[in-house]
Amino acid sequence: MRLSISLAALATVLAATSDPALAVPSTLTGALPLVINHRGASGYLPEETVQAYQLSVQQGADFLEGDVYITADGVAVMLHDGTLNATTNVVQYAATHPEIAALKSANGSYDVTKFTYAQLMELTGTFRNTNGYGTDRTYYDPSVHYQIATLSQVADIAYENYLATGTKTGIYPEAKQSGLGVADAILSVLNDPKYNGYFSSSNGTAILQSFDQSQVAYMSSLTDIPVTYLGVCPSTAAQAAQIATFADGVGPSTSQTDANCVALAHAAGLFVDPYTFLYAESTYVTYYNMGVDGVFTNFAPIAEAVRDQVFAAPEPASLAVLGLGVASLLPLRRRGRG
């Protein structure tokens, strides 16, 4: 199945879903909302593989997003589940490789933290059996070895694209594994001297994230890079203010996100990046019109096309109002993002 975007159909969606009072959606800083490619180009290629991140850059995503675990030999790798069963060929591979079969847990799962990096490289990434992952197989080649990415490889892809094209692509790693060691590992990669400060806060090319408040607070205490607290959108001004004491933004699910919580977050100086967007154009229109600051999407080209239409022709009067709103919010920001 190949997903395509009809501009005529998109115009119909815009007419049906846009609020006339929101001629210019008001993000926190007035910048266009970020297109954050969720687990790489996961709508097209096996998630969190090197190839998925390479395609994500080719498709023009603003940020490459992914989840970080640490292997048995200390390598930070990209994997969402913590177990390899749903997104690699580990079960089939183990059937003919007893040294891999020996790593199976009693419940039948294969925990990434039991594998060395070299053992992971023997496995091939596959599509999980969930809607929105591998929906468009245009780029998929079943003969290719889809390699689980390391965090360093994702950073390399973003940085090398910048060196080659001058286009800034950011990375948005999530501390998925429990404990503080994974946060240290993420910061160690971002601070690697080989990147020449590319992932510094002033460059706007890195954002950190976690569902764990203690991890969020820990990372915030160690770096000026913005940190997102996942799984929450404030329902009161007091809650928003409390979150702002340890985080720079929130990453709620789309079901948690509404115009009220976006407004409350913005008033506290928090950006709002909801998850997870798939291929329905109308969903993007709805949330862009709420003023969200970024979208975690499996389909960057769709997110980009809708964004271009929603923000295509702002009226001068609306821009003036937006400018006043941004000016009033900026003093509240703990740290910015590009």
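In this text, all values refer to a predicted model and were calculated from it rather than measured experimentally. (Residues numbered from 1 in each chain as written. Predicted model: local features only at pLDDT ≥ 70, side-chain atom pairs only at ≥ 80, totals over all residues. Heavy atoms only, no water.)

**Details of the nonpolar core**
With 69 residues, the main nonpolar core has Ile171, Phe199, Tyr284 and Tyr288 as its most contacted residues. Apart from residues no more than four positions distant in its own chain, isoleucine 171 is found in contact with Phe63, Leu64, Leu151, Val154, Ala155, Ala158, Leu190, Phe199, Thr205, Ala206 and Ile207. In this structure, Val90, Ala94, Leu103 and Met121 belong to the second largest nonpolar core, which totals 16 residues. (Core = buried A, V, L, I, M, F, W, Y, C linked by side-chain atoms within 4.5 Å. Buried < 20%, exposed > 50% of the residue type's maximum accessible area, 1.4 Å probe, protein only. Contact = heavy atoms within 4.5 Å.)

**Examining helix H10 (residues 259–267)**
Among the residues of H10, those classed as buried are Cys261, Val262, Leu264, Ala265 and His266. The opening residue of H10, the one whose side-chain oxygen lies 3.1 Å from the backbone nitrogen of asparagine 260, is aspartate 258. (Helix = DSSP H or I, 4+ residues; strand = E, 2+ residues; numbered from the N terminus. Polar contact = N/O pair within 3.5 Å; in protein donor to acceptor, adjacent residues only side chain to side chain.)

**A word on the environment of leucine 45**
By the element assignment, leucine 45 lies in the loop between strand E1 (34–37) and helix H2 (50–58). As for leucine 45 and threonine 135, which are separated by 90 residues in sequence, their C-alpha atoms are 9.0 Å apart. For leucine 45, the residues in contact, after removing those within four places along its chain, are Gln51, Ala52, Leu55, Phe127, Tyr139, Tyr140 and Tyr146.

**Section: the pairing of strand E4 (residues 170–175)**
In terms of burial, E4 is a largely internal element, six of the six residues being buried. Summarising the sheet, strand E2 (residues 63–70) and E4 pair through six bridges and their orientation is parallel. Pairing of glycine 66 across the sheet is with proline 173, part of E4. (Pairing = 2+ DSSP bridges.)

**Notes on the packing of aromatic side chains**
Scanning all chains against the criterion turns up 19 aromatic pairs. Their ring planes at 90 degrees and their centres at 5.3 Å tell us that phenylalanine 277 and tyrosine 287 sit as a pair that is edge-to-face. One end of the pair, phenylalanine 277, is in the loop between strand E8 (271–272) and helix H11 (281–290); the other, tyrosine 287, is in helix H11, and ten residues separate them in sequence. The buried category is assigned to phenylalanine 277, whose relative accessible area is 1%. Above the ring of tyrosine 133, the side-chain terminus of arginine 128 is found at 5.8 Å from the ring centroid. We note arginine 137 situated over the ring of tyrosine 140; from NZ or CZ to the ring centre the distance is 5.6 Å. (Phe/Tyr/Trp six-rings, centres within 6.5 Å; stacked < 30°, edge-to-face > 60°. Lys NZ or Arg CZ within 6 Å of the ring centre and 35° of its normal.)

**Focus on the confidence of the model for the protein chain**
Predicted confidence across the protein chain gives a mean pLDDT of 90, with 85% of residues reaching 70 or more. Here residues 314–334 is modelled with pLDDT under 50, and outside its nearest four sequence neighbours on either side it reaches 31 contacts, counting other chains as well. (pLDDT = per-residue confidence, 0-100.)

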